[in-house]
Every structure is written in C-alpha cells, then in structure tokens.
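Geometric and topological summary
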Amino acid sequence: MDSKESTSSDSKKKKNVNNLLKSKVKKVKIKKGAVSVKSLQNKITKEKQTRKKYSSEALERGILAVKHGVNLRKAASECGVPASTLCRKVNCPNKSERRSGPPTVLSENIEHNIVNWMIHRSKTGSPVNKNELLDSIQSYLNFERKETPFKDNRPGRSWFDHFMKRYPNVTVRKAQNLTAARAAVTEEDLREWFEEIRLYLEENALLNLPPSNIFNCDETSMELCPATTRVFAEKGSKTVYNIIDGSGKECYTALFMFGADGRRAPPMLMFKGKTKISKNILQHTPSDWGLGISENGWMTADSFHEYFTMVFYPWLTKEDTKFPILVYMDGHASHISIPLLSFCREKQIHLILLFPNSTHLIQPLDIAYFHPLKNLWREMVPIWKRTSNASEVTKENFPAVLKLTVDSYKDEAKTVISGFKRAGLVPFNPDAVNYNILDKRKESVQN
C-alpha cells in the first residue's frame, strides 16, 4: 500500500512540474530520471531574466511600422524587439530610458572623458595598456579626493570588464613597435591631418578664432652650462679649454606657452626631487611662473595638469580672454591625462594634438622660437656670471637667468607669429608648410 501511495505521489509531482513548464517556459527539456522541482524553477527564473537584445535601429523600425498601421505584436516579432518595450516607446516617445542595473561608480561624463583620453593616446602613437588605465583612474580619483568602493581608489577586474562592455568602440589590441624610420611622416599624412583638423574646427565654430585665442605649448631642455661660442687662442694651439664648475651636463625642462598673437604666457620649470621645491628656488622664480617636481625632473601628467589649472588658466582670466580657445600641442603621454581633459572641456579649452613625428614642421615653437632662444641663452649665461660675480648657474638661480634671457629676447612676438604662419596653423593654411624637409629627411635615412 505504501508503495502505491509513493508511486502516486511521484506521478502527481511530475504532472505538476510538466504543467508549470508548459504554462511558463516552452522549450525546457526534462532529462530522464529524478526530477528536482527547485532546479526546474531556477531554470525558469533564469530564462525569464534573460533580456532580449536589440539595436536602436530595430526599435526605430518597429515604432515606424506601428505608426503605419502594423499590429504591435507583429511589428515587435519582425523587428526582434520586446512587445512591451515597443508599446512603451510608441505611447511615451519622450520618456527617457534609464540604464538598467545599479549606477556606475564613475559618472557617464567621466567615463566618456576616459574613453576620449584612451583614443587620443592610441591615435598619437602612445596607446594605454590596462595597468596604465587603472593607475591613471586611481590618480584622477585621488586628485579629486573622491571616495569610491575601489581598494585604494584603484578599479579592479570587475569594473574593467564592465567598463569595456559599456564602450564597445574601445577594444584591446596588441601594439606593434614602430621605429622612427618606419614612422616617418609623409606629405599625404600631414595634409590628411590638416583636413581632419579643419573639419573639427568647422564643426565646433573654431575656424575663425582670432590669433589671441590660439596657443602652442611645448617643452625644451635648457643646459646650465651651454656650449661656448668660438673664442680666441694662439695660432697653432691644438686644444683650447674653458674651465667650468660642475659637470657641465646638468639641464632642466622648461615649458613655454605662446599665443598666435605673440603673447607669452608664464612658463613652467621642472626640477628633480621627491617632496618639496627648495625656498632658494622659490625666491629666484617670478611669482606668476609655474614650478613642478618629479623624480627625474621630466614633465609628468600631474605637473602638466597643474600648469593648466594653476598657471595658464589664471593668466587667461587675468588677460580677459574670451573662450573658447585652441591649444596646439604634441601628443606625448605626459601631456594628456583624464583630469586635464575634464578641466579643459569644462573651461572650453580645445586641445589639438599635432601629427606624430612632425613637430619640426607644424610646431610653431620648434620651428621659430627655441633655436634663437638657446642662442640667446648661450650669450646671456656668461653675461649674468660677470654681472653677478657668480662662477656658475645653479638650479637655485636658474629661473632668474632664464627670466633675464626671455626678457632680453628682441622681436619675440614677431618670431612666434612667424612660427604659427610657417606651421600653417594661423592663418590655417596647409600649403604654408615646407614639405621639402620631408624629402631631405628620407634621403638622410636612406644614406
């Protein structure tokens, strides 16, 4: 009797499960043997939670079909769009769609800035890898003093995986190393770049900006003991020495920013160190100049960002500059950071990256300014030594000597304006570039 009751109970249980499956899930297969109601219910729940994927184009086709009299369910089936979604869109076309799931840790605007930064770096020959991306985001979050659930404010693998899914236009690729010889720029490359920039300027109503709203920034290295000019000696002398103090090889990075109208914004000087800049350096530096510090004395992304936010932008507001403005610059990795892009977008500062390996052709300061500046520096260092009774230029008095040099630069504005013109940037004219230099460089590489 007990055996019959047990068999009857099992058959009823299977019958109930089969009825449940028929009513809610059409294509769930039951394997032979024991049947677990809980496992089947989990399978039903899983299939119910699966979202139907469709494109915005398919949704638009479905809406259009319904408006032309097609039955809603038929239109939904043909376009591959859920009927409930199509119904909602037809009845409430102006209702905004909220992204499903919990909100992201970083705002949509910040994530767009990150994507733009990644694409910028990729296009300029210095692509970002995964570790650099996460480190940069950590640096940005620390700089903004944002609290996040990330450990030490550094995103983990889960965030990275979801971030890549949210932005399918960014993919992981293996970068190929490209030597300078193989990366040699051609006239066709430059003209294509000029055309892309022209379209960008037209789309953003920037093509007719006045020269006072167009800038170029670039770095150069200044030696504390520059090479001497020719000197007098007794005829027949085989070697002539100039005794100097120090190693004679020490140099510092100086960042310059000029407008196409010839105005010079306060520069920035970089020094080697780990914590703070010494008081002696501060005492010899003009109050409106920028000072940066890094372990090797080179420009860093943080220092470059600080220059824009604490030196350049305050100078622009002091000069009553009307925005937007353009800044042409090279695409070095130390220049483009997430915080910088975010700040520039907020302040209407458009950063235009120059074409890689072509700064000798389209970088105004490289073309016209730096060579005369270093010649003048070579002349001013010994003059400063004599007038100051100093035996050498040190890092403490380097800012004062550099200020003396730039203030002594005759026709500085005229030189810079000429550089913008020869680079084809102001006025915007690709034909102004001296493309013959490219042929000479190719010949030298071949030889």
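Residues numbered from 1 in each chain as written. Predicted model: local features only at pLDDT ≥ 70, side-chain atom pairs only at ≥ 80, totals over all residues. Heavy atoms only, no water.

1. Things to note about the nonpolar core
Counted only if it meets this: In this description, a nonpolar core means a group of buried Ala, Val, Leu, Ile, Met, Phe, Trp, Tyr and Cys residues linked to one another through side-chain atoms lying within 4.5 Å. The rule is simple: take the accessible area with a 1.4 Å probe, protein chains only, and divide by the maximum for that residue type; under 20% is buried, over 50% is exposed, in between is partly exposed. Whether two residues are in contact is decided by their heavy atoms: any pair within 4.5 Å suffices.
If you look at the biggest cluster of nonpolar residues, it comprises 51 residues, and the most contacted ones within it are Trp-193, Phe-256, Tyr-328, Tyr-369, Phe-398, Leu-402 and Leu-425. In this structure, Tyr-328 is in contact with Trp-193, Ile-197, Leu-201, Ile-214, Phe-215, Asn-216, Cys-217, Ile-352, Leu-354, Gln-363, Leu-425 and Phe-428, ignoring residues within four places of it in sequence. Core analysis: the next-biggest nonpolar cluster, separate from the first, contains 47 residues, Met-118, Met-270, Trp-315 and Ile-336 among them.

2. Digging into the packing of helix H14 (residues 364-388) against helix H15 (residues 398-407)
Short version of the rule: Structural elements are reduced to axes, namely lines fitted to C-alpha atoms, with helices fitted over the stretch in contact, and the angle between N-to-C directions of any two is expressed from 0 to 180 degrees. Only DSSP runs of H or I reaching four residues or more are called helices, and only runs of E reaching two or more are called strands; each is numbered from the N terminus. Here a crossing is taken to be left-handed if its near helix is turned anticlockwise relative to the far helix by less than a right angle, and right-handed if that turn runs clockwise.
At their nearest, the axes of H14 and H15 sit 9 Å apart, and the two run at 120° to each other. Considering the relative orientation of H14 and H15, their crossing is right-handed. Residues Tyr-369, Leu-373, Leu-376, Trp-377, Met-380, Val-381 and Trp-384 of H14 touch H15, and the partners they reach there are Phe-398, Val-401, Leu-402, Leu-404, Thr-405 and Val-406.

3. Observations regarding unusual backbone geometry
In the segment running from Phe-323 into Pro-324, the intervening peptide bond is cis, with an omega of 10°. In this structure, the amide linkage connecting Val-426 to the following residue, Pro-427, adopts the cis form with an omega of -5°. Relative to the elements of secondary structure, Pro-427 occurs in the loop between helix H16 (412-422) and helix H17 (436-446).

4. A short note on the packing of aromatic side chains
Note the following rule: Any pair of Phe, Tyr and Trp rings, taking the six-membered ring for Trp, is counted once the centres come within 6.5 Å. Such a pair is stacked with planes under 30 degrees apart, edge-to-face with planes over 60 apart, and tilted for the rest.
If you walk through the whole model with that rule in mind, you get 23 aromatic pairs. On the basis of an interplanar angle of 65° and a centroid distance of 5.8 Å, the ring pair of Phe-256 and Tyr-369 is categorised as edge-to-face. You can see Phe-256 sitting in strand S2 (residues 251-259) and its partner Tyr-369 sitting in helix H14, a full 113 residues away along the chain. In this pair, the class of Phe-256 matches that of Tyr-369, namely buried.

5. Remarks on the sheet that holds S2
Counted only if it meets this: One requirement defines pairing of two strands: DSSP has to find at least two bridges between them.
Spatial ordering of the open sheet is given by S4-S3-S2-S1-S5-S6, a layout of 6 strands whose pairing is mixed. Since the sheet does not close on itself, it has two edges, and those belong to strand S4 (290-294) and strand S6 (349-353), each with one partner. Along the sheet, successive strands turn relative to each other by an average axial angle of 25°, direction set aside. One ladder, built from 5 bridges, connects strand S3 (residues 264-272) with S4; its direction is parallel. Each residue of the ladder has a partner; that of Met-270, found in S4, is Gly-292. Contacts from H15 reach strand S1 (214-223), S2 and S3 within the one sheet, and its direction differs from that of S3 by about 150°. Its contacts with the sheet put H16 on S1, S2 and S3, and the angle it makes with S2 is roughly 80°.

6. Overview of H16
Put simply, the rule reads: By definition, the arc is the one covered by directions from the helix axis to the C-beta atoms.
Burial in H16 covers these residues: Glu-412, Thr-415, Val-416, Gly-419 and Phe-420. Down the axis of H16, the buried set is contained in an arc of 140°. They therefore lie on one face. What points out from H16, more than 90 degrees from its buried face, is the exposed set Lys-414 and Lys-421. The elements touched by buried residues of H16 are S1, S2, S3, H14 and H15. Of the residues one or two after H16, Gly-424 is the one with positive phi, at around 75°.

7. A short note on the side chain of Glu-412
Mapping Glu-412 onto the fold places it in helix H16. Ignoring anything within four residues of it in the chain, the contact list for Glu-412 reads Phe-258, Arg-264, Tyr-369 and Val-406.

8. Thoughts on the pairing of S2
The buried fraction of S2 amounts to 8 of the 9 residues, a majority that puts the element mostly inside the structure. Bridge count for S1 against S2 is 9 bridges, and the pairing is antiparallel. Counted as the bridge partner of Cys-217 is Met-257 from S2. Across 5 bridges, S2 lies against S3 in antiparallel orientation. Residue pairing for S3: Leu-255 is matched across the bridge by Met-268.

9. Details of the pattern of salt bridges
For clarity, the threshold we go by: By definition, a salt bridge exists where a carboxyl oxygen of Asp or Glu is found within 4 Å of a side-chain nitrogen of Lys or Arg.
According to the stated counting rule, one finds 12 salt bridges in the structure shown. Between Asp-135 and Arg-154 there is a salt bridge, with its nearest N and O atoms 2.8 Å apart. In this pair, Asp-135 sits in helix H7 (residues 130-144) while Arg-154 sits in the loop between H7 and helix H8 (157-166), placing the two residues 19 residues apart along the sequence. Accessibility expressed as a relative area gives 36% for Asp-135, which makes it partly exposed. On the basis of relative accessible area, Arg-154 is assigned to the partly exposed category, the value being 27%. Each of Arg-264, Lys-403, Asp-407 and Glu-412 takes part in a single network of salt bridges with overlapping partners.

10. Looking at the packing of helix H4 (residues 72-79) against helix H5 (residues 83-91)
We apply this condition: Each residue is assigned to one of three groups, with Ala, Val, Leu, Ile, Met, Phe, Trp, Tyr, Cys and Pro labelled nonpolar, Asp, Glu, Lys and Arg labelled charged, and all others, Gly among them, labelled polar.
Between H4 and H5, whose axes approach to 9 Å, the crossing angle comes to 120°. In the crossing of H4 with H5, the sense of the turn from one axis to the other is right-handed. Between H4 and H5, the contacting residues are Leu-72, Arg-73, Ala-75 and Ala-76 on the first element and Ala-83, Leu-86 and Cys-87 on the second. Per-class residue counts for the contact of H4 with H5 are 6 nonpolar, no polar and 1 charged.

11. A word on the environment of His-305
Turning to its location among the elements, His-305 is positioned in helix H11 (residues 301-318). The exposure class of His-305 is buried, given its relative accessible area of 5%. Expressed as a C-alpha distance, the spacing of His-305 and Ile-336, which sit 31 residues apart in the sequence, is 8.5 Å.

12. Things to note about the pairing of S6
The element S6 is extensively covered by neighbouring structure, given that 5 of its 5 residues are classed as buried. Here S6 shows a buried face lined by Ile-349, Leu-351 and Leu-353 and a second buried face lined by His-350 and Ile-352. Here strand S5 (residues 325-329) pairs with S6 via 5 bridges, running parallel. Bridge assignment links Ile-325 to a residue of S6, and that residue is Ile-349.

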